[in-house]
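# Fold and contact review
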Amino acid sequence: MRLDRSELSKAVQTALSLGAVAAVGVAGTAFAQNTTTTTQNNQQQPQTLQTIVVTGSHIRRVDLETSNPVTVVTSQQIQASGKLTLGDIVQELPGIAGNATNPNVNNGGGTGASTISLRGLGSSRTLILVDGKRVLNNDINAIPAELVERVEVLKDGASSVYGSDAIGGVVNFILKHNYQGADFGFNYGISDRDDAERKGYHFTFGQTTDKGSIIAGLDYNKFEGVVAGNRDYSKCAVSLTGGAVVGTPCVSGDGSGGSLASLSGYLYPLNGKFPGSTPYFAACGGGALTTDPTAAGGGGIPAGFRCFNGSTDHYNYQAVNLVNTPQERTNAYFLADYNLTDNVSAYLDVFVNRTHSSSQVAPTPMELYGSLTMEPGQPYNPFPFALGGGGPTSNPNGYLVCGTDGALPAPNCLGGDFLLRLGGVGDRISSYTTETDQILTGLKGNVGNTGWQWNVDLNYGHVTTRWNNIGYMNFGALQASGDVNADCATNGVDGCLNPFTVNTDPAMTAIMSKYLASPFFNSLNVQRTVSAGVNGPLFSLPAGEMQLAVGADYSKLYSNFTVDPLADNTKGCGMPSSSCSTPLTGGYNYKEVYAELFVPILKDLPFVNALNVTLGDRYSKYSLAGSTNNYKIGVEWRPIDDLMLRGTVASVFRAPTIPDLFKGAAISFDPYTNPCQPGDENPGSGHDVFCSHGGGVAVNGTQIQAVWSGAASAGTSLSPEYGKSFDFGAVYSPHFVPGLTLQADLWRVYLRNNIIQPFGSTEAGICYATNDPNNPACSSIKATGGGTGTIISIGAPVTNLGNLWTRGVDVEGDYRVPQVGWLPGQFSVRAQATYISQFDNEVTPGIAGDVVRNIAGKYDKQYGMFPRVRGLVALNWQDGPWQAYYQLRYIGKYSVGSGKPDQASSCDEAITGVVCSFGAWTQSNVSLGYTIQPINTTLQLGVDNLFDKQPPIMYQNNTLNGNTDVNTFDTIGRFYWMNVDVKF
């Protein structure tokens, strides 16, 4: 949606009456700067139109309303929003969908990063650029907001222009250059619940002369974390189970919803009850348990210790989680251009970012069966057999077997498990420090007066992330210490551990605290790119000049991931699997060449005001993933001056990343349903390769232990994923309604050979269907009994698997209301929306039992949020020094779960096929500003989420954080902010 034909020129933007209150997220088609001169008669005469390059092309054009559907967010819009980070602005655009991360994500997040998922295709399929150059860190919060002149969002495939990743589109942050003067800003905000405090400041200065320009500055911002217990929608772990909502109301500690592992600790019975006849326990009806006085050790369980009561004894872990993670970041930047000669200039851009952030979850849960083994005779083991992982045989649910009829076959069996939340050792915290350094330098120039330009660039970046996990138990070290062994009184390091009183007896808590682990991890990623290109006119045609751009790139990437020995899987990690990892080192390189040709076909004919075609092609060769060739065809047709019809067809691809290839092994316990039927284990059944392993039964029953890893780490190979992108649209600017622009685009993307991290159940299904012992899904199976018994684990490396289709419509409108005497000031209204008609993912094409997941109009824990409609509307006003805006963000209705059996998706964790429907959600933001012109100072006051709209409760069994989709909805509530900006 355009503002004017000079939008990309800062000077012309300043002249527009919109001023500094353009709304956040307003879309615009970019236009070239039109330079004019004034004659002695004060009449403006046009001079040569300046040409620039807009995202989606290497061709320099004058008329930049092209075949590329580009949305623009200007620096005025960024300032008017009051936001301190770019993620808070760009993630509101309607073209965003899915589950891209942001600082609201606590469980599985905590890095403070915001990424972009255009079309819902994932952040790995959205390319991030700064001044048209790749950046290594896709966290757009690491880009200083006040340095951005505009953000160009290309919602179309652009692999022929930029290479890998540009599938859903491209987000290009164009920085300010030719800056003169200085600017200081301070921002402060706080929620009306007196939390979520944020503050930030920036200082920028610059100088521009005829020899070049320089700009430098600092940017700092800090955000306070918000505990989930401080918000009504997130304070309880609320689940939908068996048609009933459990978890409300909840109290601090135990409740009716949450985790089985509580601060008090409970014996959790098998199949809902303990065996009726047992020498160790009385019948378990919610009353006290009695121990057998003849049991070895006798009396480890304290008096009054009772069975687990499902209506009162769950632990509400939500109360200590976060719905906004704390973060603190500092940016420093330096940009310089210097004219070496009339035709050659050099440039240097340096960016430094330091981000500190953290996540927080409830204390470590301890399950004796999965964590420790207490030997018979240990003073606090009341049973004459090992309690925990070393006990008798286990059933598929991981508990000790007590006979199929509930009777004890022998006096050596416990009919349940012991679960405990280690509250005495504190919450689990992951603390992150991310350091990003990016250097862009090179030479550029003109080839005389021919109109040709050239460039040679060097792009270097490295990102280091260090983090440590605090409050995690090293159960392996505790087991090895002997404190849970029978001879712990004499040979134990700290004494004898009584797990039943670990949260009530200070001596027991002290023992556990000695085995707390705080492992450190370090990730280093380095990228080096050398680029060269030329562009200019070839020759003139009757309709204009044919333009050509050609170039070549060479990139080399390296990654090194180090793991604390305490958490190293290769050295026998003794902590919970979520804290364990494997070291990683790897790298690859790729070479690319590209060409782009602009051909003006017709001009100034009846019903053909202009007809242009753009052709592009790029060849890419990867050292570890083969080669690929991708093209683009773009058409622009103006039947009349007011209307442009446009269309593009482009092939797209994404190459494997270093984590895709070299990610170290990690354990994941994935949901699992045994596909084997009676007789499938027999040779000749067509499924015997998989089902011969204990009939397809996994050790963990309803879960299968998967070994996630990169492809190269597992000895397999990867190739790029590929597909096509289509866009057909129209831009209408009627001359009889000045200031009005309307746009609409039909778009479609499909992908093949997707690069995915499969679940263990997916690999099990592949082995079951292919029945090929040489297939990696089959050959990686580990089982008991020398490989023929129950399945222990299955390899699940990153692989090429699956197809994806999505399509929809984008609409945008911009109207700048003409000024009239009875209407004070200048008004403008802008609106944009995206409708998703299809989003289908086929995970295992060609494999028996393959299912196409239908995601459009739904929220899914794996894929994220895909409402049919998203929208953004803004009303702007300016009158002299006064400025104001109102913004409405709209998330359309959606559902959770599916009534179709093949979708295997339910909103209820206990009943299949349940669908929960949720209505539309809106958020209103307002601000008022005043410019004190004599001192060049602008004051702003604003309220985000004016009506304190709370996120919908979508149930914890469907989400990962806070009972809702924190990737999409505002988690803070009503928020007040102020901003002071002074220019010198």
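Provided above is the structure to which this section pertains.
Residues numbered from 1 in each chain as written. Predicted model: local features only at pLDDT ≥ 70, side-chain atom pairs only at ≥ 80, totals over all residues. Heavy atoms only, no water.

### Digging into the overall build of the protein
Each helix and strand in the protein was counted, giving 13 helices and 53 strands. For the protein, buried positions account for 55% of its 984 residues. The contacts in the protein between residues at least 6 apart in sequence include a share of 71% that link residues at least 24 apart. Total accessible area on the protein is roughly 38,100 Å²; 57% of this is exposed by carbon and sulfur atoms. (Helix = DSSP H or I, 4+ residues; strand = E, 2+ residues; numbered from the N terminus. Buried < 20%, exposed > 50% of the residue type's maximum accessible area, 1.4 Å probe, protein only. Contact = heavy atoms within 4.5 Å. Areas by Shrake-Rupley, 256 points an atom, 1.4 Å probe, with all protein chains shown as cover.)

### Some words on the sheet that holds strand 39 (residues 782-783)
If you walk across this open sheet you meet the four strands as 34-35-40-39, and the pairing is mixed. Only two strands of the sheet have a single partner each, and these edge strands are strand 34 (666-671) and strand 39. Pairing between strand 39 and strand 40 (residues 791-797): two bridges, direction antiparallel. Looking across to strand 40, one finds that A783 is bridged to I791. Strands in contact with helix 11 (residues 760-770) are strand 34, strand 35 (703-709) and strand 40; relative to strand 40, the strand with the most contacts, it is inclined by about 95 degrees. (Pairing = 2+ DSSP bridges. Axes fitted to C-alpha atoms, helices over the stretch in contact; angles between N-to-C directions.)

### Here we look at the pairing of strand 42 (residues 803-816)
The sheet contact formed by strand 37 (residues 740-752) and strand 42 spans 12 bridges and is antiparallel. By the bridge assignment for strand 42, Y750 is matched with W805. Both strand 42 and strand 43 (residues 826-842) contribute to a ladder of 14 bridges, which runs antiparallel. Note on strand 43: the bridge partner recorded for L804 is N841.

### With respect to the state of the cysteines
Counting across every chain of the model gives five disulfides. Disulfide pairing is shown between C573 and C580; the S-S distance is 1.9 Å. Its S-S torsion of approximately -65 degrees makes the covalent link between C573 and C580 left-handed. On the accessibility criterion, C573 (18% relative accessible area) is buried. Here C580 falls in the buried class, since its relative accessible area comes to 9%. (Disulfide = S-S within 2.5 Å.)

### Section: the environment of A698
Among the secondary structure elements, A698 is positioned in the loop between helix 10 (688-691) and strand 35. Its relative accessible area of 4% is what places A698 among the buried residues. Each C-alpha atom, one on A698 and one on T790, is 5.6 Å from the other, the two residues being 92 residues apart in sequence. Ignoring anything within four residues of it in the chain, the contact list for A698 reads Y672, Q703, I704, T790 and I791.

### Looking at the sheet that holds strand 46 (residues 864-866)
Spatially, four strands are ordered 46-45-49-50 in an open sheet, and the strand pairing comes out mixed. For this open sheet the edge positions go to strand 46 and strand 50 (916-918), each flanked by a neighbour on one side alone. On average, adjacent strands in this sheet sit at an angle of 25 degrees to one another, irrespective of strand direction.

### Some points on the pattern of salt bridges
Scanning the entire structure with this criterion turns up 28 salt bridges. For E636, the salt bridge goes to R61, with nearest N and O atoms at 3.2 Å. Remark: R61 occurs in the loop between strand 2 (44-46) and strand 3 (70-74) and E636 occurs in strand 32 (residues 626-640); sequence separation between them is 575 residues. R61 shares its class with E636; the two are buried. R853 is the partner of D860 in a salt bridge, and the nearest nitrogen-oxygen pair spans 2.7 Å. (Salt bridge = Lys/Arg side-chain N within 4 Å of Asp/Glu carboxyl O.)

### Here we look at empty space enclosed by the protein
Summed over all chains, the structure comprises 12 cavities of 30 Å³ or more. Taken as a whole, the largest cavity encloses approximately 600 Å³ of empty space. Lining the largest cavity are 32 residues, with K83, D88, N104, F969 and D970 positioned closest to its centre. Across the lining of the largest cavity, the residue classes break down as 10 nonpolar, 14 polar and eight charged. If you add up the space inside the second largest cavity, you get close to 170 Å³. If you go around the second largest cavity, you meet 15 residues; those closest to its centre are A142, I143, F351, T436 and Q438. Counting residues per element, the ones that place at least two in the lining of the second largest cavity are strand 18 (327-339), strand 19 (344-361) and strand 24 (428-446). Considered class by class, the residues forming the lining of the second largest cavity number nine nonpolar, five polar and one charged. (1 Å grid on protein atoms, 1.4 Å probe; cavity = no way out; pocket = protein on both sides within 12 Å on 5 of 7 lines; lining within 4 Å. Points joined across faces, edges and corners; volume = space filled by probe spheres on them. Nonpolar A, V, L, I, M, F, W, Y, C, P; charged D, E, K, R; others polar.)

### Looking at unusual backbone geometry
Positive phi outside glycine occurs at D131, with the angle close to 55 degrees. In this structure, D131 sits in the loop between strand 4 (126-130) and strand 5 (133-134). The exposure class assigned to D131 is partly exposed, which follows from its relative accessible area of 24%. Although it is not a glycine, A196 sits at a positive phi angle of roughly 60 degrees. Here A196 shows up in the loop between strand 8 (181-191) and strand 9 (198-209). With a relative accessible area of 7%, A196 lands in the buried category.

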